[in-house]
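Now for the letters of each chain:
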Amino acid sequence: MSKHDLSMLSNLAYNDICVMIIEQRFPLPPWDMENAAQKLQIIEDEWNTLDPEKVITGYLPDAEMRYGTEFLTGREEIKQFLNNKWQQQLGFKLKLDLWGALKGRMAVRFECEWHNTAGQWYRSYGVQVFQFDDNGYVQMNFASFNDEPIAESARKLV
């Protein structure tokens with residue numbers, strides 16, 4: 001930068017200078033199977049806290065999510081959905097299994113176990129696709145699944 005450029009900068013008011021800091025959530029795409037598995041473990045751990053505030057920190061503010069027949073846009077809708085979900089699905093426990101990863105996408109098999117307020121246990125099986133931005137935030141999360149009633153003694157995800 002020349003002296004002239006520097007002198008022009010010094011004449012700008014403090015409010016005229018905009019600094020944008022973009023936080024990154026490591027590991028970052030593009031994925032190989034190792035760093036994708038690390039990222040997926042972080043996501044699984046966040047979901048298993050049952051804390052919607054913690055989960056949504058990994059999503060872009062305008063992220064899209066389809067969970068079964070629920071279509072959600074943005075952190076606030078996702079947070080409200082998770083609050084409702086975990087009030088109805090008690091004892092929720094999730095296990096994610098990476099099937100494949102390429103560039104900023106992951107294909108995942110998942111299962112979770114939970115019980116309703118009447119005490120009936122269920123196991124949900126499904127597949128999920130994640131799309132991440134370059135900074136490691138979830139842009140899209142689409143999941144399809146089926147729920148199966150199980151006996152409490154048949155639980156695997158204790």
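Before reading on, note that the structure itself is shown above.
Residues numbered from 1 in each chain as written. Predicted model: local features only at pLDDT ≥ 70, side-chain atom pairs only at ≥ 80, totals over all residues. Heavy atoms only, no water.

(A) The nonpolar core, seen in detail. If you look at the biggest cluster of nonpolar residues, it comprises 32 residues, and the most contacted ones within it are Trp47, Tyr59, Tyr67, Met106 and Phe130. Of all the secondary-structure elements, those providing two or more residues to this core are α2 (33-48), α3 (52-56), β1 (59-67), α4 (75-88), β3 (90-102), β4 (105-115), β5 (121-132) and β6 (138-150). (Core = buried A, V, L, I, M, F, W, Y, C linked by side-chain atoms within 4.5 Å. Buried < 20%, exposed > 50% of the residue type's maximum accessible area, 1.4 Å probe, protein only. Helix = DSSP H or I, 4+ residues; strand = E, 2+ residues; numbered from the N terminus.)

(B) Examining α2 more closely. Spanning 16 residues, α2 covers 22 Å between terminal C-alpha atoms, matching the ideal 22 Å at 1.5 Å per step. Along α2, the residues classified as buried are Asn35, Ala36, Lys39, Leu40, Ile43, Glu44, Glu46 and Trp47. The N-capping residue of α2, defined by a side-chain oxygen 3.0 Å from the backbone nitrogen of Glu34, is Asp32. Looking one or two places after α2, you find Leu50, whose phi comes out positive at around 60°. (Expected span 1.5 Å × (residues − 1). Polar contact = N/O pair within 3.5 Å; in protein donor to acceptor, adjacent residues only side chain to side chain.)

(C) Quick look at the pairing of β6. One ladder, built from 5 bridges, connects β1 with β6; its direction is parallel. Looking across to β6, one finds that Glu64 is bridged to Met140. Turn length for the β5-β6 hairpin, with the two strands adjacent in sequence and antiparallel, is 5 residues, and the turn residue Gly136 shows positive phi of about 90°. (Pairing = 2+ DSSP bridges.)

(D) Focus on unusual backbone geometry. For the bond running from Phe26 to Pro27, omega is -10°, close enough to zero to count as cis. The phi torsion at Leu50 lies on the positive side, around 60°, for a residue other than glycine. With respect to the helices and strands, Leu50 occurs in the loop between α2 and α3.

(E) Focus on the environment of Arg25. Relative to the helices and strands, Arg25 resides in the loop between α1 (3-10) and α2. Counting along the chain gives 34 residues from Arg25 to Tyr59, while the straight-line C-alpha distance between them is 10.0 Å. Discounting residues that sit within four places of it in the chain, Arg25 has contacts with Lys39, Ile42, Glu46, Thr57, Gly58, Asn135, Gly136 and Tyr137. (Contact = heavy atoms within 4.5 Å.)

(F) Layout of the pairing of β5. Burial of β5 is extensive: 9 of the 12 residues sit out of reach of the surface. Note that β4 and β5 share 11 bridges and pair antiparallel. Paired with Cys112 across the strands is Ser124, a residue of β5. A loop of 5 residues connects β4 with β5, the two strands running antiparallel in sequence, and Gly119 in this loop sits at a positive phi of about 95°.

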